Structures are given as structure tokens and as C-alpha cells.
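Residue strings, one per chain:
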Amino acid sequence: MRVAVTGGGGFLGSHLCEALLRRGDAVVCLDNLSTGRPENIAHLRKYPEFEFIHADVSVTAEVPGPVDAVAHLASPASPPDYLRLPLQTLAVGSRGTENALELARLNNARFLLASTSEVYGDPLVHPQDEDYWGNVNPVGPRSVYDEAKRYAEAVSLAYRRSLGVDVGIIRIFNTYGPRMRRLDGRVVSSFIAQALDGDPLTIYGDGKQTRSFCYVSDLIRGLIAMLDSSETGPFNLGNPEEWTVSDLAELVLDITGSDSEIQYHPLPVDDPVRRRPDITRVGEHLGWHPEVPVEDGVRRTVEWFSVRACEATTEER
Ligand code: NAD
Ligand code: UDP
């Protein structure tokens, strides 16, 4: 297959590009590197089947030559990133998704949308299954991301229903692992970087809010299974192991052996209280289940961050 991966220079996108190349696919990575990094894909340049196109997919997602599948991952994903880039986030969720869908339509290609658990907002149903319609504040600061992804799902399904595009939708729950930016503001990378640097771990609110954390290799396996299938979804993809933010902080302190303090900060506006995916449907349709327990995944991520701490420039750190 020749797969176009939008957002392929980011955390998840670069792992997806790598996994596809390793199994023998050709990959065209489209990215404007707004939150991605050239070093995420530097090692992929050795593959002759890897191409990089520097493009803002909200403007154009054109790819010369035939394409068999389009995986649309381009979008800021960390809350501090999308709050810093509100208009760009809305643009890539709307126009960017339409451009990526057009690329799939013109090539009669499979289309995979990387949606998010944020479509459930601050959920009133627990755990969240795919039939739940969500509880999103449409005018709050997070709406630039939540509503953009909800629109992305709607327009993708409209392309399927009206134009016959082979669309599949995955709703990703909090995923972590190597290649997250130290300063991207998400909780796992922040706690690990803070613990390794001996800085206080910043817990927002009382730390009793929960998230379900999925290791990147599990997530990528699920994305590829969806890409290879003809399922529409939407399917939740995440590890249902539910952790409070405080327990995660303790785990990171344990694994790193750090004596960093805990510092409490105000909870961001509309920060969801509880998150856990019901993954029955993706298990039934794709046979997917997560394999990496949170303790192992955090340990692997700590190892990766530790090595990088020696290599990274002060600015990167
Ligand atoms: P990331 O920020 O590391 O990667 C996003 C990539 O998209 C970056 O390389 C960025 O430069 C690129 N991008 C952004 N806007 C673009 C544009 N207009 N044109 C071209 N490229 C653009 O984030 P990530 O964690 O790798 O997330 C990837 C996708 O998965 C996103 O769509 C995100 O919404 C979704 N997702 C991720 C998580 C998670 O926990 N990691 C959870 C839910 C959903
Ligand atoms: N969080 C925190 N400290 C941080 C970063 C995040 O306590 O330094 C909290 C955040 O408020 C949220 C949870 O951790 O309740 C998960 O945040 P993240 O940004 O990883 O992703 P989200 O699941 O909210 O998109």
C-alpha cells in the first residue's frame, strides 16, 4: 500500500509511519511541523519508500501519484497546544479533514480519521461506549478541539454516506510513550520530565480526576488494524486501566526514584472528571486489546526520556 499520513511528523503519526514502513508499505508524510518535530521522522528518511511533504493540510492535502489509504492524524492534540492554536485547530479539524477526505475520494482510498475521547467531553456516562453522544461545552476553551473533532467525524461520515468514501473512525483515549515532547503539557510527559529534572510535579486540581492511559505500541497496532479493515466504527481505542492523576504522579516518582515534590495548581476550565473507554466493540470487530500495562509503558517511556535528557538541548528540555 501507499499510505498518506497527515500529521506524520508528530508523536503518534511518526510511530504510525514507522510501523507501516517496517511492514513494507510506502508512506507519504504530510505535516506542517506546528507541533511535530523533524527528529521524529529523521530516522525514516533511510527508507526509499518514505516521502515527506511540508504542507498545511488545512490549505492543501494534495499528493502526487496514487494513494491506497489516507490516515488523517494532523491536529494539535495536547490541551496547551490546542489552546495556544485555537483557530489552527478548528481549521485542521474542518478544512484539513475535508482536504484529506478529498485526497481519499480522488484515489478511491481507505480513509482513517484519528478522532478522540474528547468527543465525549466531560462524560456523564461511565465508562464511555460509542453510543454515548457526549457532554461537550460548545463555547468553552476546549471546544476548539472537541467540536473540530466532532465536525471531523460528521463530515467523514457524510463523505461515506453521500460519496461512498471508505471511512473508518477511531476515538483515541490518552496515549503516551517515546517521542512525546517534554514540554507538550500532557500529563505523562510532564510528570516524567519534571521527575527527571527534580522539578515539582504539577497536579491540576485535587488529582482525583481519572484518565485511562494507553501505551503507543498498542495504539498503533489498533490504528493499523482499522486501516486494514473496512469497518466504519467509530471505535474507542484506549487502555481501560483507569488511574487518578495523583496515582500516576506516585507511579512516576516510584519508577524514576525522584524526590520531586508535588505542587497543586488550578484545574483547567472544563477538564473532564473521569475517562475510561468501553472497548467491547473494537475487541469484537478488530480483535484488538491493549497488551502493555501502565507500569511497563511508563517505565519504557521513562527510559526513553532519560536517554534524551542527556542528548537534548536546553531549549528542548
Ligand atoms: P502531535 O501534536 O504530536 O501530532 C500532531 C501532528 O499534526 C504534528 O506533527 C503537527 O505538526 C501536525 N499538524 C497539526 N496541524 C497541521 C496542519 N494544519 N497541517 C499539517 N500538519 C499538521 O499529537 P499526537 O498525540 O501525535 O496526535 C495525533 C492525532 O491523534 C491528533 O489528531 C490527535 O487529535 C489524535 N489523538 C491523540 C491522542 C493522544 O493521547 N496522543 C488522544 C486522542 C486523539
Ligand atoms: N494534568 C495535570 N498536570 C499536568 C498536566 C495535566 O494534573 O502537568 C491533568 C489534566 O488536568 C487532566 C489530566 O492530567 O486532568 C490529563 O491531562 P492531559 O493533558 O494528558 O490530557 P487530556 O486527557 O485532558 O486531554
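Scroll up to find the structure.
Residues numbered from 1 in each chain as written. Chains lettered and ligands numbered in written order. Predicted model: local features only at pLDDT ≥ 70, side-chain atom pairs only at ≥ 80, totals over all residues. Heavy atoms only, no water.

## Re the overall build of the chain
Then step 1. Each helix and strand counted, the chain has 10 helices and 13 strands in total.
Then step 2. Taken along its principal axes, the extent of the C-alpha atoms in the chain is 55 × 45 × 35 Å.
Then step 3. When each of the 317 residues of the chain is scored for burial, the buried share is 56%.
Then step 4. Considering only intrachain contacts with a sequence separation of at least 6, the fraction spanning at least 24 residues in the chain is 80%.
Then step 5. Carbon and sulfur atoms form 51% of the exposed surface of the chain, whose accessible area is close to 13,200 Å².
Then step 6. Side-chain charges in the chain split into 31 positive and 46 negative, and the spacing between the mean points of these groups amounts to 3 Å. (Helix = DSSP H or I, 4+ residues; strand = E, 2+ residues; numbered from the N terminus. Buried < 20%, exposed > 50% of the residue type's maximum accessible area, 1.4 Å probe, protein only. Contact = heavy atoms within 4.5 Å. Areas by Shrake-Rupley, 256 points an atom, 1.4 Å probe, with all protein chains shown as cover. Lys, Arg positive; Asp, Glu negative; His and termini not counted. Charge placed at Lys NZ, Arg CZ, Asp CG, Glu CD.)

## Some remarks on the nonpolar core
Then step 1. Leu16, Phe50, Phe191, Leu223 and Val298 are the most contacted members of the largest nonpolar core, which totals 58 residues.
Then step 2. Looking at this core element by element, the count peaks at 7 residues for helix H7 (residues 216-228).
Then step 3. When near neighbours in sequence (up to four residues on either side) are disregarded, Phe50 contacts Cys17, Leu21, Val27, Cys29, Ile41, Leu44 and Arg45.
Then step 4. Ranked by size, the runner-up nonpolar core spans 25 residues in total, among them Val57, Ala109, Phe111 and Val165. (Core = buried A, V, L, I, M, F, W, Y, C linked by side-chain atoms within 4.5 Å.)

## A closer look at the pairing of strand E1 (residues 2-6)
Then step 1. With 5 of 5 residues buried, E1 is to be regarded as a mostly interior element.
Then step 2. Residues of E1 alternate between two faces, with Arg2, Ala4 and Thr6 on one and Val3 and Val5 on the opposite face, all of them buried.
Then step 3. As paired strands, E1 and strand E2 (residues 26-31) are joined by 5 bridges and run parallel to one another. Directly across from Val3, in E2, lies its bridge partner Val27. (Pairing = 2+ DSSP bridges.)

## Description of helix H6 (residues 187-197)
Then step 1. With 9 of 11 residues buried, H6 lies mostly within the body of the structure.
Then step 2. Among all positions in H6, only Val187, Val188, Ser189, Ser190, Phe191, Ile192, Ala193, Gln194 and Ala195 are buried.
Then step 3. A positive backbone phi angle near 75° is found at Gly198, which sits one or two residues after H6.

## Focus: the site of ligand 2
Then step 1. Close to ligand 2 lie 17 residues, the nearest being Val187, Thr202, Tyr204, Arg211 and Asp271.
Then step 2. A distance of 2.6 Å separates a nitrogen atom of ligand 2 from a polar atom in the backbone of Thr202.
Then step 3. For ligand 2, an oxygen atom lies 2.7 Å from a polar atom in the side chain of Arg211.
Then step 4. Protein chains bury 94% of the 520 Å² of accessible surface belonging to ligand 2 in isolation.
Then step 5. Contributing elements (two or more residues each) for the shell around ligand 2: H6 and strand E8 (201-204).
Then step 6. By residue class, the composition of the shell around ligand 2 is 7 nonpolar, 5 polar and 5 charged. (Near = heavy atom within 4 Å. Polar contact = N/O pair within 3.5 Å; in protein donor to acceptor, adjacent residues only side chain to side chain. Nonpolar A, V, L, I, M, F, W, Y, C, P; charged D, E, K, R; others polar.)

## Here's the deal with the packing of aromatic side chains
What describes a pair of aromatic rings is the distance from one ring centre to the other and the angle between the planes of the rings.
Then step 1. Summed over all chains, the structure comprises 5 aromatic pairs.
Then step 2. Summarising the aromatic geometry, the rings of Tyr82 and Tyr145 are spaced 4.3 Å apart at their centres and angled 5° between planes, so their arrangement reads as stacked. Residue Tyr82 is found in helix H3 (residues 79-84), and its partner Tyr145 is found in helix H5 (residues 143-163); the two are separated by 63 residues along the sequence. Across this residue pair, the class does not change: Tyr82 and Tyr145 are buried.
Then step 3. Within the aromatic cluster, the residues linked to one another by ring pairs are Tyr120, Tyr132 and Phe173. (Phe/Tyr/Trp six-rings, centres within 6.5 Å; stacked < 30°, edge-to-face > 60°.)

## Brief notes about the site of ligand 1
Then step 1. In the vicinity of ligand 1 there are 29 residues, among which Leu12, Asp31, Thr35, Tyr145 and Lys149 approach most closely.
Then step 2. The separation between a nitrogen atom of ligand 1 and a polar main-chain atom of Asn32 is 3.2 Å.
Then step 3. Here an oxygen atom of ligand 1 sits 2.8 Å away from a polar atom, N or O, in the main chain of Thr175.
Then step 4. A total of 820 Å² of accessible area belongs to ligand 1 in isolation, and the protein chains cover 96% of it.
Then step 5. Ranked by residues supplied to the shell around ligand 1, first place goes to strand E5 (residues 110-116) with 3 residues.
Then step 6. A per-class count over the shell around ligand 1 returns 12 nonpolar, 13 polar and 4 charged.

By themselves, these figures tell us nothing about what the structure is for.
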